[in-house]
Amino acid sequence: MNETTMIQQLPFSYEGIAGDIRKLGLILKDSFAAAGICFHGKISVLNVACGRADETGVLVQALAPAEVRFYMGIDLMGDAIQEASRRWKSTTCEIHFMEGNAAMLGRMKTLPEFDLIFLRHQNYWHEPMVWEGILDEAITALKPDGYLVCTSYFDLEHDLFVASMRERDVNSVLNVRNHQSRALPDAEGKSVDRWLGIWCKQKLGGLPRRA
Ligand SMILES: C[S@@+](CC[C@H](N)C(=O)[O-])C[C@H]1O[C@@H](n2cnc3c(N)ncnc32)[C@H](O)[C@@H]1O
């Protein structure tokens, strides 16, 4: 049983978010199951470029039976970080929402290594060099048997992210198009959590080490 208690103290800011988040929770669970990934024990999670971190509740649920004991979200946008801090509380998990630069994670010497690093709607295409730095730091912060998961809004940005990951010392575990994702009416070709990718540091022949 997942004993992580994540309490949502504020409703979501916009109509439609709750539905998107529900779908994200489902695709996360399905993807972990499809990849044979099962998290156990007490784990730590880093949500990179988290914005408002609306997905905090479903992300933690998707990691059951593991108990998330340390959860950190980081983003440059102070307003979004403050909103996330007001929305999410826990009695069982240490939560930190930090306004900061994820490309500087390595300078935060007191951070634990992470079992899961999540990047929802990564933004690689927008500033590739910045995101190269973010990915360097994220992969360094990942435990040797941890997983990095991203979602993307559109095909090209996902391809760019995947190409960058291919150049790194990580292995692609799963790459799926989310056919339930909600199309964005004002942006052709974009949809919410359109793609989901999972990578790990360990050799694929060794998978699943956590099961
Ligand atoms: C497309 S938004 C996604 C936000 C959120 N994850 C979501 O799904 O709603 C990309 C986010 O990356 C953040 N970002 C860009 N560069 C960053 C950096 N160097 N460090 C931390 N966050 C960064 C932006 O502030 C923005 O919130």
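The structure this text deals with has already been given above.
Owing to the predicted nature of the structure, the values given are computational and were not obtained by experimental measurement.

Comments concerning the overall build of the protein chain
Secondary structure summary: the protein chain contains five helices and nine strands in total. The order of helices and strands in the protein chain, counted from the N terminus, is β-α-β-α-β-α-β-β-β-α-β-α-β-β. A globule of 211 residues ought to have a C-alpha radius of gyration of about 17 Å, and the protein chain, at 16 Å, matches this closely. In terms of principal-axis extent, the alpha carbons of the protein chain reach across some 40 × 40 × 35 Å. Sorting the 211 residues of the protein chain into buried and exposed places 40% on the buried side. Within the protein chain, counting contacts between residues at least 6 apart in sequence, those at least 24 apart form 82% of the total.

Topic: the site of the ligand
Taken together, the neighbourhood of the ligand is formed by 16 residues, with Ala 49, Gly 51, Ala 102, Arg 120 and His 121 sitting nearest. Listing elements by their share of the shell around the ligand, those giving two or more residues are strand 3 (67-75) and helix 4 (128-141). When the residues that make up the shell around the ligand are grouped by side-chain class, the tally is 10 nonpolar, four polar and two charged.

Focus on unusual backbone geometry
Between Ala 64 and the following residue, Pro 65, the backbone shows a cis peptide bond with an omega angle of 10°. Relative to the elements of secondary structure, Pro 65 occurs in the loop between helix 2 (56-62) and strand 3. A positive phi angle is found at Ala 53, which is not glycine, with a value near 55°. By the secondary structure assignment, Ala 53 is in the loop between strand 2 (42-48) and helix 2. Although it is not a glycine, Asp 193 adopts a positive phi angle of roughly 50°. You can see Asp 193 is positioned in the loop between strand 8 (171-177) and strand 9 (195-200). For Asp 193, a count of 22 C-beta atoms within 10 Å translates into the label buried.

What about the sheet that holds strand 5 (residues 94-99)?
With mixed pairing, seven strands are arranged side by side in an open sheet as 5-3-2-6-7-9-8. Two strands in the sheet have a free side with no partner beyond their single neighbour: strand 5 and strand 8. The mean angle between the axes of side-by-side strands here comes to 15°, regardless of whether they run parallel or antiparallel. Taken together, the seven bridges between strand 2 and strand 3 define a ladder with parallel strand orientation. Considered in strand 3, the bridge of Ser 44 is made with Phe 70. In the packing of helix 3 (residues 78-87) onto the sheet, the strands contacted are strand 3 and strand 5, and the crossing angle to strand 5 comes to about 165°.

Here we look at helix 1 (residues 17-34)
The end-to-end C-alpha distance of helix 1, which contains 18 residues, comes to 25 Å, matching closely the 26 Å that a straight helix rising 1.5 Å per residue would cover. Regarding helix 1, the residues found buried are Asp 20, Leu 24, Ile 27, Leu 28, Ser 31 and Phe 32. Down the axis of helix 1, the buried side of the element spans an arc of 130°, and every buried residue falls inside it. Of the exposed residues in helix 1, those oriented more than 90 degrees away from the buried face are Arg 22 and Ala 33. Lining the buried residues of helix 1 we find helix 2, strand 8 and strand 9.

As for the environment of Cys 200
Looking at the element boundaries, Cys 200 is found in strand 9. For Cys 200 and Ile 134, which are 66 residues apart along the polypeptide, the C-alpha to C-alpha distance reads 16 Å. Among residues more than four places away in sequence, those in contact with Cys 200 are Tyr 147, Val 170, Asn 171 and Val 173.

Details of the nonpolar core
Within the largest apolar cluster, 56 residues are counted, with the highest numbers of intra-cluster contacts made by Val 45, Val 48, Leu 63, Leu 116, Ile 117 and Ala 138. Ignoring sequence-local partners within four residues, the contact set of Val 48 consists of Ile 74, Ala 102, Ile 117, Phe 118, Leu 119, Ile 134 and Ala 138.

A look at the environment of Val 68
Of note, Val 68 is situated in strand 3. Here the alpha-carbon distance between Val 68 and Val 58, two residues 10 residues apart in the chain, equals 12 Å.

Thresholds, definitions, all that
- Residues numbered from 1 in each chain as written.
- Predicted model: local features only at pLDDT ≥ 70, side-chain atom pairs only at ≥ 80, totals over all residues.
- Helix = DSSP H or I, 4+ residues; strand = E, 2+ residues; numbered from the N terminus.
- Rg over C-alpha atoms; globule rule 2.2 N^0.38 Å.
- Buried ≥ 20, exposed ≤ 12 C-beta atoms within 10 Å, placed from the backbone.
- Contact = placed C-beta atoms within 7 Å.
- Near = placed C-beta within 6 Å.
- Nonpolar A, V, L, I, M, F, W, Y, C, P; charged D, E, K, R; others polar.
- Pairing = 2+ DSSP bridges.
- Axes fitted to C-alpha atoms, helices over the stretch in contact; angles between N-to-C directions.
- Expected span 1.5 Å × (residues − 1).
- Arc of directions from axis to C-beta.
- Core = buried A, V, L, I, M, F, W, Y, C linked by C-beta atoms within 7 Å.

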